[in-house]
Structures are given as structure tokens and as C-alpha cells.
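Structural overview for review
Here is how the chains run, residue by residue.
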Amino acid sequence: MKKKMLLILLATVLLLAGCMTSEKNNEEAYNFLIANIDDNDAIKTFLHKEIAGGYEIDDTIMAGDTVLMLAARFTTNIEVLKTIASYYPSIHQLNRNNDMSALDYLSRREGTKEMIDFLIEESVKQELTKKVNETKTNVVKSIFKKF
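A few points on the structure. (Residues numbered from 1 in each chain as written. Predicted model: local features only at pLDDT ≥ 70, side-chain atom pairs only at ≥ 80, totals over all residues. Heavy atoms only, no water.)

A closer look at helix α4 (residues 78-85)
A turn of α-helix holds 3.6 residues, and therefore any two residues three or four places apart point the same way. Of all the eight residues making up α4, six are buried; the element is thus mostly covered by neighbouring parts of the structure. Taken as a whole, α4 has its buried residues at Ile 78, Val 80, Leu 81, Thr 83, Ile 84 and Ala 85. On the buried face of α4, the contacting elements are α2 (40-52), α3 (67-74), α5 (102-107) and α6 (113-146). Structurally, the start of α4 carries an N-cap: the backbone nitrogen of Glu 79 is 2.9 Å from a side-chain oxygen of Asn 77. (Buried < 20%, exposed > 50% of the residue type's maximum accessible area, 1.4 Å probe, protein only. Helix = DSSP H or I, 4+ residues; strand = E, 2+ residues; numbered from the N terminus. Contact = heavy atoms within 4.5 Å. Polar contact = N/O pair within 3.5 Å; in protein donor to acceptor, adjacent residues only side chain to side chain.)

Shown next as C-alpha cells:
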């Protein structure tokens, strides 16, 4: 019984230590992104480095926001959105803390019509690509079923 309790306590401590470490990294990433949110080259370098290290484009950085959401909240440079969109983020992903997507953030700001239009176009492209890939997969499966 004591061994089980000790193992549970040890596992809990290790999990909490891991959470604290990732939160620190998220805070560093958040601070970097906010400081460089209008610098397209810095964002491109950040994404390239992070994705090479296993970061997923739809991972949350801080307070439930993804990189795309942070850009939608703070950038004034559409090129930053284009760079982020080149990694195919989920444009309609919601921040579970406030139920807002990148498009919601942009719609609450003034002077963002061009950025909103761009993200809507990217969303349509993503959905069309998804449907085309599903159709190709189904066609190939049906061809191989015949043999």
C-alpha cells in the first residue's frame, strides 16, 4: 500500500514538474511572439525552428491562444498571417477559455477587413483541399476493391 502511494506521489510530482516546464516555455514563446508580432521574418524563423522541434501549429501558446490567434489579436502585418497560414493552421479552432477563433479576434478589431478576407479564403482552400483528398482516397479505395 505504501509503495502504491509513493508511486502515485512520485508520478504526480513528475507530471506537475513537466507542466511547469512547458508553461515556462509557452511563456517564453508568447513573449517572443508578442514582441515580434509584426516582424514576418522573426515569425517565420520562430515557426520553422519550433515545428522542426515537434511543435504543432495548432498547439496553444498561452491562455488557450494559438500562434494564429495571437497574430489575429495583435499583428497589423498581413504578411505575418500569410506566413502562419502557410503551415495550415486550423482557422476555426476555438480558444476554449473564451470561445473565440482567429476570425473572431480579427472581427473585433478595426481596419482588418483585408486580413479577415485572407483568412476566409484560406479556410475555403483548406476545406476544398480536404474534400479533394477525401475524394481521391475514396476513388483509389474503390478501384482496389474491384481487383
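Points about the nonpolar core
Counting residues in hydrophobic clusters, the biggest one holds 30 residues, and the most contacted among them are Val 67, Ile 84 and Leu 119. Taken together, the elements giving at least two residues each to this core come down to α1 (2-35), α2, α3, α4, α5 and α6. Beyond its immediate sequence surroundings of up to four residues, Ile 84 is in contact with Ile 43, Leu 47, Ile 57, Val 67, Leu 68, Ala 71 and Pro 89. (Core = buried A, V, L, I, M, F, W, Y, C linked by side-chain atoms within 4.5 Å.)

Overview of the packing of aromatic side chains
Enumeration according to the criterion identifies one aromatic pair in this entry. Between Phe 32 and Phe 46, the ring centres sit 5.6 Å apart and the planes meet at 20°, which makes this aromatic pair stacked. Residue Phe 32 is located in helix α1, and its partner Phe 46 is located in helix α2; the two are separated by 14 residues in the primary sequence. The ring of Phe 118 carries Lys 82 above its face, with NZ or CZ at 6.0 Å from the centroid. (Phe/Tyr/Trp six-rings, centres within 6.5 Å; stacked < 30°, edge-to-face > 60°. Lys NZ or Arg CZ within 6 Å of the ring centre and 35° of its normal.)

Brief notes about the pattern of salt bridges
Here the structure, examined in full by the defined rule, presents six salt bridges. A salt bridge links Glu 79 to Lys 82, with the nearest nitrogen and oxygen atoms 3.6 Å apart. With Glu 79 and Lys 82 both in helix α4 and three residues apart, the pair spans about one turn of that helix. Given the relative accessible area of 35%, Lys 82 is considered partly exposed. Residue Glu 122 is joined to Lys 125 by a salt bridge in which the shortest nitrogen-to-oxygen separation is 3.4 Å. Note that Glu 122 and Lys 125 are positioned in helix α6 at a spacing of three residues, about one turn of the helix. With a relative accessible area of 12%, Glu 122 lands in the buried category. (Salt bridge = Lys/Arg side-chain N within 4 Å of Asp/Glu carboxyl O.)

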